[in-house]
Structure formats: structure tokens, C-alpha cells
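Architecture and fold: a report
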Amino acid sequence: MIVKKLKFLDGRTDEVSMRPVWFLTEREYNALRNDDGGFCLACEAEAYEIEPDARRLKCESCGERRVYGIEWMLTIGRVEIVGEVGTEEPAEVST
Ligand SMILES: [Zn+2]
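This section reports on the structure supplied with the text. (Residues numbered from 1 in each chain as written. Predicted model: local features only at pLDDT ≥ 70, side-chain atom pairs only at ≥ 80, totals over all residues.)

With respect to the overall build of the protein chain
Looking only at helices and strands, the protein chain has two helices and seven strands in total. Mapped in sequence order, the helices and strands of the protein chain form the string β-β-β-α-β-β-β-α-β. Sorting the 95 residues of the protein chain into buried and exposed places 18% on the buried side. In the protein chain, the proportion of contacts linking residues at least 24 apart, taken out of those at least 6 apart, comes to 37%. (Helix = DSSP H or I, 4+ residues; strand = E, 2+ residues; numbered from the N terminus. Buried ≥ 20, exposed ≤ 12 C-beta atoms within 10 Å, placed from the backbone. Contact = placed C-beta atoms within 7 Å.)

Written out as C-alpha cells, the structure reads:
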């Protein structure tokens, strides 16, 4: 489990410990960035149409004010950009 404590210069701290980190490829990150995406740190739901640096927005799924924009999540270490995996995703089969 990755534990990170973020301390701001003005003395505030942010709760970034003991929580999941999203591992995204650069392509996934850019897609979320273009869609104004983010995640809820409480229930891990995806959020859209929020500012990239949004913080503590209300989650439509769980109601917690734990929705963060994708850029901010990267800033606080909750998103990490990883390299592309060598294998292609299996193509979706439409029925
Ligand atoms: Zn939520």
C-alpha cells in the first residue's frame, strides 16, 4: 500500500494516504483530460464534466465530497502514468 502525505506550503495537509492509486496509460489519461474526467476517491466512481483541477466535489454515486479532477489527482499522486502494456485490448464484439 502506497502512503503519501501531501503537505502544502501554507501548512495544510491533504488526505492522500491509504487510498487507491489509479494507474493510467498516457492515452487513458489524455482521454480523461479531454473529457474533463476525474474520480471519486471514496467509491472510485468516474466523474465527468468537472474541472481538471477540481477538488472535493460531490460524488453523484456515493454523495461524498471526494471527487477530484484528473490533473489534480496526478498532482497529489493518486494517478500514475504507466507505459502502454504490450498487448492490445481484445476487440469488443457487438451482438
Ligand atoms: Zn463516490
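Next, the rest of the story.
Examining the sheet that holds strand 4 (residues 38-40)
The three strands lie next to each other as 5-4-6, forming an open sheet whose pairing is antiparallel. Every interior strand has two partners, whereas the edge strands, strand 5 (46-47) and strand 6 (67-69), have only one. Pairing between strand 4 and strand 6: three bridges, direction antiparallel. Considered in strand 6, the bridge of F39 is made with Y68. (Pairing = 2+ DSSP bridges.)

Looking at the environment of A45
Structurally, A45 is set in the loop between strand 4 and strand 5. In this structure, the C-alpha to C-alpha distance between A45 and S61, residues 16 residues apart in sequence, is 6.9 Å. Here A45 is in contact with C40, C59, S61 and C62, once residues within four sequence places are set aside.

Side note on the nonpolar core
Within soluble globular proteins, side chains that are nonpolar tend to cluster in buried spots. Membership of the largest hydrophobic core is limited to twelve residues, which are Y29, L32, F39, C40, L41, A47, C59, V67, Y68, I70, M73 and V79. Within the residue set of this core, elements represented by two or more residues are helix 1 (26-34), strand 4, strand 6 and helix 2 (70-75). (Core = buried A, V, L, I, M, F, W, Y, C linked by C-beta atoms within 7 Å.)

Regarding the environment of A47
Position of A47 among the secondary structure elements: in strand 5. Exposure remark for A47: the 23 C-beta atoms within 10 Å place this residue in the buried category. C-alpha separation for the pair A47 and L57, spaced ten residues apart in sequence, amounts to 9.7 Å. If we skip the residues at most four places from it in the chain, A47 touches G37, G38, F39, C40, C59 and V67.

Comments concerning unusual backbone geometry
Even without glycine at this site, E44 takes up a positive phi of about 70 degrees. Its location among the elements puts E44 in the loop between strand 4 and strand 5.

Considerations on the environment of T75
Here T75 lies in helix 2. Taking the number of C-beta atoms within 10 Å as the measure of exposure, T75 has 16 and is therefore partly exposed. Considering only alpha carbons, one finds T75 and D53, 22 residues apart in sequence, at a separation of 8.9 Å.

Functional significance is not addressed by these values, which are geometric in nature.
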